[in-house]
Amino acid sequence: MGENLQSRTRLRPVDLARPHGLSTQAVRNYEEAGILPAAERTESGYRTYSPLHARALATFLALLPGHGHPTATGIMRAVNRGAADEAFLLIDESHAQLLEDRRTLRAVESALRDLGPEAGEPEVTGPGESGPPGSPATATFIGPLADRLSIRPATLRKWEAAGLVRPRRDPLTGYRVYGEADVRDARLVHQLRRGGYLLEQIAPLIGQVRTVGGLAPLEAALTDWRARLAARGRALLTGAAELDAYLRKREATQAHPPELGTPGDSP
């Protein structure tokens, strides 16, 4: 795109900031970060913005809820330097992440529907990480359980330290022995971690499951998760609409630059 992209109607920083409840310093910071096009300057050095800047600010704020600050910033920087394809790639990545999060949610819901003993449980083998000889057939050990969840044994130890899984210790060998309830807890922790929950957020859920002996407490967490994903999807649509409007305004301003208006008054 060409160099002359801004409407010639002059706006002050406060004119951009006030409708969004921002400070004028925030507007200047956004300009310095490349989120807004570079401001023009009067002969005395005062910044002057335009309706195009106002549209850029509204677009960035609309992108934030769906993409987050780093990605929204990257999108605006790419657009403002005329690299729209780079912006579209960032948008595609956000949509791909949302799709993956939706798949993870479905995986958690599936895990909750089927938390009984899994078919094809590996049989206990010889000593070492797989456990000591003569262990109960229903028990599993840290190595096989880590393999089944595609995690490292150190991760299971970390979860144990946080109180999320509580394997017993074999009195003769000291090996960790994971019973049916322990495997259930490990599977739940694994799925919730994939869903973005922190260990400290998971701990009360696991505690409630143990206390009440069921999975009902997780329904509230899943409902909240579904709502957050839906809100993010809607926010991505809103941000896309604002970005399209900004791109159209840039193109129109380049083709038909307006006349100058009254000057701004803030440097």
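To keep things clear, this report deals only with the structure shown in the data block. (Residues numbered from 1 in each chain as written. Predicted model: local features only at pLDDT ≥ 70, side-chain atom pairs only at ≥ 80, totals over all residues. Heavy atoms only, no water.)

## A short note on the overall build of the protein chain
For the protein chain, the count of helices and strands is 10 helices and four strands. Counting from the amino terminus, the protein chain carries its helices and strands in the arrangement α-α-β-β-α-α-α-α-α-β-β-α-α-α. Per-residue burial for the protein chain yields a buried fraction of 41% across its 267 residues. Entry remark: accessible area of the protein chain is about 14000 Å², with carbon and sulfur atoms responsible for 52%. (Helix = DSSP H or I, 4+ residues; strand = E, 2+ residues; numbered from the N terminus. Buried < 20%, exposed > 50% of the residue type's maximum accessible area, 1.4 Å probe, protein only. Areas by Shrake-Rupley, 256 points an atom, 1.4 Å probe, with all protein chains shown as cover.)

## Overview of the packing of helix α3 (residues 51–67) against helix α4 (residues 69–80)
Between two packed helices, the angle of one axis relative to the other and the distance separating the axes together describe the packing. Packing of α3 against α4 leaves a shortest axis separation of 8 Å and a crossing angle of 145°. For α3 against α4, the interelement crossing comes out right-handed. Contact with α3, carried on its side by Ala56, Thr59, Phe60, Leu63, Leu64 and His67, involves His69, Thr71, Ala72, Thr73, Ile75 and Met76 of α4 and no other residues of that element. A class-by-class count of the residues in the contact of α3 with α4 yields seven nonpolar, five polar and no charged. (Axes fitted to C-alpha atoms, helices over the stretch in contact; angles between N-to-C directions. Left-handed = near helix turned anticlockwise from the far one by under 90°. Contact = heavy atoms within 4.5 Å. Nonpolar A, V, L, I, M, F, W, Y, C, P; charged D, E, K, R; others polar.)

## Quick look at the nonpolar core
Among the nonpolar cores identified, the biggest contains 31 residues, and Leu156, Trp159, Leu192 and Trp225 are the most heavily contacted of them. In contact with Leu192, other than residues within four places in its own chain, are Val108, Tyr197, Ile202, Leu205, Leu218 and Trp225. Counting 24 residues, the second largest nonpolar core, distinct from the first, contains Val27, Leu52, Ala56 and Val79. (Core = buried A, V, L, I, M, F, W, Y, C linked by side-chain atoms within 4.5 Å.)

## Things to note about helix α6 (residues 142–149)
The buried count for α6 comes to six of eight residues, which makes it a mostly enclosed element. Listing the buried residues of α6 in full gives Ile142, Gly143, Pro144, Leu145, Ala146 and Leu149. Where α6 terminates, the next one or two residues include Ser150, which has phi positive at roughly 60°.

## Some remarks on unusual backbone geometry
For residues that are not glycine, phi is negative in most cases, and the peptide bond is trans in most cases. One non-glycine residue, Ser150, adopts positive backbone phi at about 60°. Within the fold, Ser150 resides in the loop between α6 and α7 (153–161). The exposure class of Ser150 is exposed, given its relative accessible area of 66%.

## Re helix α2 (residues 24–32)
Those residues of α2 that fall on the buried side of the exposure criterion are Ala26, Val27, Arg28, Tyr30 and Glu31. Those residues of α2 that are buried lie in contact with α1 (13–17), β2 (47–48) and α3. Looking one or two residues past α2, Gly34 carries a phi angle of roughly 85°, positive in sign.

## Overview of the packing of α6 against α7
Contact pair α6 / α7: the axes reach a minimum separation of 8 Å and the direction vectors enclose 105°. Relative to α7, the element α6 is oriented roughly perpendicular. Every residue of α7 that contacts α6 at Ile142, Leu145, Ala146 and Leu149 is listed here: Pro153, Leu156, Arg157 and Trp159. Of the residues in the contact of α6 with α7, the class split is seven nonpolar, no polar and one charged. (Parallel < 35°, antiparallel > 145°, perpendicular 65-115°, else oblique.)

## A word on the pattern of salt bridges
Using the criterion set out here, one finds 10 salt bridges in the structure. Residues Glu32 and Arg47 are paired through a salt bridge, measuring 3.8 Å at the closest nitrogen-oxygen approach. Of the two residues, Glu32 is situated in helix α2 and Arg47 in strand β2; the sequence distance between them amounts to 15 residues. The exposure class assigned to Arg47 is buried, which follows from its relative accessible area of 10%. Put simply, Arg228 and Asp224 hold a salt bridge, and the shortest N to O gap is 3.0 Å. (Salt bridge = Lys/Arg side-chain N within 4 Å of Asp/Glu carboxyl O.)

## Description of the packing of aromatic side chains
All told, the structure shown has two aromatic pairs when counted by the stated rule. Residues Tyr197 and Trp225 carry aromatic rings whose centres are separated by 5.7 Å and whose planes lie at 70° to one another, so their mutual orientation is edge-to-face. Note that Tyr197 is positioned in the loop between α8 (180–194) and α9 (199–212) and Trp225 in helix α10 (residues 217–255), a separation of 28 residues in sequence. On the basis of relative accessibility, which here comes to 8%, the residue Tyr197 falls in the buried class. The exposure class of Trp225 is buried, given its relative accessible area of 2%. (Phe/Tyr/Trp six-rings, centres within 6.5 Å; stacked < 30°, edge-to-face > 60°.)

## Here we look at the environment of Glu100
For Glu100, the location among the structural elements is in helix α5 (residues 84–113). Residue Glu100 is classed as partly exposed on the basis of its relative accessible area of 36%.

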